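Topology and contacts: notes
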Amino acid sequence: MASFGWKRKIGEKVSKATSQQFEAEAADDKGLVDDDEDNWVHATKRRKEVLLEDCMKKSKQLKDEGANLAENRRYREAIHKWDEALQLTPEDATLYEMKSQVLMSLHEMFPAVHAAEMAVQRNPRSWDAWQTLGRAQLGLGEIALAIRSFQVSLHIFPMNPEVWKEDLSWARKLHEQQEKATKTEAVQALAKAKEFAQESIPDYDFESDEIVAVCAAIAEKEKALSAAKTVVIVSASGTVETVTEKEDCATTPDDTIFIRAR
């Protein structure tokens, strides 16, 4: 029967030189792995940069093509080009702002406001995006919102004479006209209500011969109904009998009657 004894640790007989050589080779392999990882990350990053550059280049080309189409009043084709460009660069506020202008030219105000709002969201510091948004809102009749948008545009670029003299001035004039029209309508409605309330009730002649005659006829009819009353009597056998009774001599039905209706 074999006896169990103490086991030596693995590698105990490995020489120091061999161990140092193994460690050196492992360090070299680790360096190669690290270099490969660095090269892979760098290559991936470079591919992304190249792809982004290609997208921006293609987007700019589509933007310029759309601008040329818009100048020639080919608005639908221009919008199509800009939509393609937005697929490549969805954060380009200029594309949305240009699209909003063209939509206003097509009298499509709701999409124009939406496109201008997208431009403002992507670049809140763009004074021309705020100006376009104000014009689109003005086209919808949202005068107060348009004034605010023009004011933001001027806050960003105070020296813009176009917004001062044309957009904001025109919007304020429309706002004043709107307020005057609202006040006029309110005054007219109030005057009409007062006039209706002050209308006199027609003066009827309650002592005319016609009204006296009608009242006399109604009184005679009521007197006749109170003097004689009609009673419907239904017997147990199902016989229906109509009896007219007087105020001073009303008859009492016998025990065979179980329903009495007037």
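Fair warning: this is a prediction, and the values are worked out from it, not measured in the lab.

Rules and cut-offs
- Residues numbered from 1 in each chain as written.
- Predicted model: local features only at pLDDT ≥ 70, side-chain atom pairs only at ≥ 80, totals over all residues.
- Heavy atoms only, no water.
- Helix = DSSP H or I, 4+ residues; strand = E, 2+ residues; numbered from the N terminus.
- Buried < 20%, exposed > 50% of the residue type's maximum accessible area, 1.4 Å probe, protein only.
- Contact = heavy atoms within 4.5 Å.
- UniProt positions renumbered as here; feature names shortened; annotations may be inferred.
- Salt bridge = Lys/Arg side-chain N within 4 Å of Asp/Glu carboxyl O.

1. A word on the overall build of the protein
Within the protein, the secondary structure is distributed over eight helices and three strands. Taken from N to C terminus, the helices and strands of the protein fall in the order α-α-α-α-α-α-α-α-β-β-β. Here the protein holds 262 residues, and 23% of them are scored as buried. A sequence separation of at least 24 residues applies to 40% of the contacts in the protein between residues at least 6 apart.

2. Description of unusual backbone geometry
Leaving glycine out, the prevailing phi sign among residues is negative, and the prevailing peptide bond configuration is trans. Even without being glycine, Arg-73 reaches a positive phi, approximately 65 degrees. If you trace the backbone, Arg-73 turns up in the loop between α1 (16–71) and α2 (75–88). Non-glycine residue His-107 carries a positive phi angle of around 60 degrees. As for its placement among the helices and strands, His-107 is situated in the loop between α3 (93–105) and α4 (109–122). Look at His-107 and you get exposed, because its relative accessible area is 66%.

3. Concerning the UniProt feature "repeat: TPR" (unreviewed entry) in the protein
Residues given the UniProt feature "repeat: TPR" (unreviewed entry) here are residues 59–92 and 127–160. As annotated, residues 59–92 comprises 79% helix and 0% strand, and the C-alpha atoms at either end are separated by 9 Å.

4. Some words on the pattern of salt bridges
Charged atoms that come close allow side chains of opposite charge to pair. According to the stated counting rule, one finds nine salt bridges in the structure shown. Ionic pairing is found between Asp-83 and Lys-99, a salt bridge with its closest N-O pair at 2.9 Å. Placement of the pair is Asp-83 in helix α2 and Lys-99 in helix α3, with a sequence separation of 16 residues. In this structure Asp-83 comes out as partly exposed when scored by relative accessible area, which is 28%. One continuous salt-bridge network, built from bridges that share partners, spans Arg-135, Glu-162 and Asp-167.

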